[in-house]
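Chain by chain, the residues:
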Protein chains: 2
Amino acid sequence: KVFAGTHLIIEVVDGIGLDDQARIEQAFRDCVDTCGATLLHIHTHKFSPQGVSGVAVLAESHISVHTWPEIGYGAFDVFMCGDAQPWKAVDVLRAAFNAGDVRVKELLRGDGLVPHG
Amino acid sequence: KVFAGTHLIIEVVDGIGLDDQARIEQAFRDCVDTCGATLLHIHTHKFSPQGVSGVAVLAESHISVHTWPEIGYGAFDVFMCGDAQPWKAVDVLRAAFNAGDVRVKELLRGDGLVPHG
């Protein structure tokens, strides 16, 4: 099957620590390592009174998050091309935020658009 | 309907200028303005021999892209919460890259997870 990359839409539900920039940044770094990816750039932003947004640019695409700590919800994306293994990020995120539930949708980006090499 | 934000998965097909960091950054800024969003942080990375990744952190969530200029393909995401109007980004991106086709999938992030206030 030919596509450009695997994009996981990850809903972290009933999580803790979702207002903690350092915890989120560490979770991103752990995802990168566990999935076999390469980190190029990372940035997080803390909102007032609560909520964090974060992005990590990878050699293989990106990870992002937006959190609603007041309801224990985090909207994560893990998008990776090539030999990296994005599905391994799911357990990393579940553990990092002690999530009660994690829901994952897989999108194959460029599916049907990317020609055979 | 209660959800955290609208996340558009946008496949730009048969586009030009997808190896041009400045063009991509300008397109992001134009999306932010047109959609009524607020830019907090922007970063792009040029790959060798080709390809650009870019992320923009917004007060309303994020925009991202990964491009494969050699086949005219760009994998864009436009994720916005609140009063911003993410669907307005589609025509901005179509014009910015003179796209032959643009395919859009809408995800309602947090749908069914976010309680009534």
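Keep in mind that what you see is a predicted model, and the values were worked out from it rather than measured.

Participant: Go over the sheet that holds strand 1 (residues 5–13) of chain A with me, naming the residues and quoting the values.
Facilitator: Residues and elements named next belong to chain A. As summarised here, the arrangement of the six strands in space is 2-3-4-5-1-6, forming an open sheet in which the pairing is antiparallel. Every interior strand has two partners, whereas the edge strands, strand 2 (39–46) and strand 6 (101–109), have only one. Each adjacent strand pair in this sheet contributes to an overall mean axis angle of 10 degrees, direction not counted. Alignment of strand 4 (residues 61–68) against strand 5 (residues 73–80), held across eight bridges, turns out to be antiparallel. Within strand 5, the position partnered with W68 by the bridge is Y73. Each of strand 2, strand 3 (52–58), strand 4 and strand 5 touches helix 1 (residues 21–35); the most contacted strand, strand 2, lies at about 155 degrees to it. Sitting on the sheet, helix 2 (residues 88–96) touches strand 1, strand 5 and strand 6, and the angle it makes with strand 1 is about 20 degrees.

Participant: Provide a residue-level description of the interface of chain B and chain A, including the pertinent values.
Facilitator: The interface is formed by 36 residues belonging to chain B together with 36 residues belonging to chain A. Together, the buried faces of chain B and chain A total about 2800 Å²; carbon and sulfur atoms form 73% of this surface. Sorting the residues of chain B by area buried against chain A places B:H66, B:R109 and B:L113 first, and these three jointly supply 20% of that buried surface. Our count for the chain B to chain A interface comes out at four salt bridges.

Participant: Quick one: what's the story with the relation of the copies chain B and chain A, residue by residue and with numbers?
Facilitator: For the pair chain B and chain A, the superposition axis carries a translation of 0.0 Å, the fit reaches an RMSD of 0.0 Å, and the rotation angle comes to 180 degrees. What the rotation and shift describe, once combined, is the action of a two-fold rotation axis. Nearest to the rotation axis, the C-alpha of B:V55 is located 3.6 Å from it, this being the minimum over chain B. Taken as a fraction of all interface residues of chain B, those also at the interface in chain A reach 100%, which identifies the copy contact as same-surface.

Participant: Describe the sheet that holds strand 3 (residues 52–58) of chain B, with residues and values.
Facilitator: Residues and elements named next belong to chain B. Taking strand neighbours across the sheet as the criterion, the six strands line up as 2-3-4-5-1-6 in an open arrangement whose pairing is antiparallel. A single partner strand is all that each edge strand has here, and the edge strands are strand 2 (39–46) and strand 6 (101–109). The mean inter-strand angle of the sheet, taken between neighbouring strand axes irrespective of direction, is 10 degrees. As paired strands, strand 3 and strand 4 (residues 61–68) are joined by six bridges and run antiparallel to one another. Looking across to strand 4, one finds that V55 is bridged to S64. Where helix 1 (residues 21–35) meets the sheet, its contacts fall on strand 2, strand 3, strand 4 and strand 5 (73–80), and the angle it forms with strand 2 comes to roughly 155 degrees. On the sheet, helix 2 (residues 88–96) packs against strand 1 (5–13), strand 5 and strand 6 and is oriented at approximately 20 degrees with respect to strand 1.

Participant: Requested: an account of helix 1 of chain A, with residues and values cited.
Facilitator: Residue and element names in this part refer to chain A. Between its terminal C-alpha atoms helix 1 stretches 21 Å, which fits the 21 Å expected from 15 residues at 1.5 Å a residue. Along helix 1, the residues classified as buried are I24, A27, F28, C31, V32 and C35. In an axial view of helix 1, the angular spread of the buried residues amounts to 140 degrees, which keeps them on one side of the axis. In helix 1, those exposed residues whose orientation departs by more than 90 degrees from the buried face are A22 and D33. Residues of helix 1 that are buried make contact with strand 2, strand 3, strand 4, strand 5 and helix 2.

Participant: Tell me about the packing of helix 1 of chain A against helix 2 of chain A, and please be specific about residues and values.
Facilitator: All names here are of chain A. Between helix 1 and helix 2, whose axes approach to 9 Å, the crossing angle comes to 150 degrees. By the angle class used here, helix 1 and helix 2 are roughly antiparallel. The two elements helix 1 and helix 2 cross, and the hand of that crossing is right-handed. Contact residues: R23, A27, D30, C31, T34 and C35 in helix 1; K88, A89, V92, L93 and A96 in helix 2. Class assignment for the residues of the contact of helix 1 with helix 2 results in seven nonpolar, one polar and three charged.

Here is what the cut-offs are and how they apply
Residues numbered from 1 in each chain as written. Chains lettered and ligands numbered in written order. Predicted model: local features only at pLDDT ≥ 70, side-chain atom pairs only at ≥ 80, totals over all residues. Heavy atoms only, no water. Pairing = 2+ DSSP bridges. Helix = DSSP H or I, 4+ residues; strand = E, 2+ residues; numbered from the N terminus. Axes fitted to C-alpha atoms, helices over the stretch in contact; angles between N-to-C directions. Contact = heavy atoms within 4.5 Å. Buried area = accessible area lost by both parts, 1.4 Å probe. Salt bridge = Lys/Arg side-chain N within 4 Å of Asp/Glu carboxyl O. Least-squares fit on C-alpha atoms with pLDDT ≥ 70 in both. Expected span 1.5 Å × (residues − 1). Buried < 20%, exposed > 50% of the residue type's maximum accessible area, 1.4 Å probe, protein only. Arc of directions from axis to C-beta. Parallel < 35°, antiparallel > 145°, perpendicular 65-115°, else oblique. Left-handed = near helix turned anticlockwise from the far one by under 90°. Nonpolar A, V, L, I, M, F, W, Y, C, P; charged D, E, K, R; others polar.

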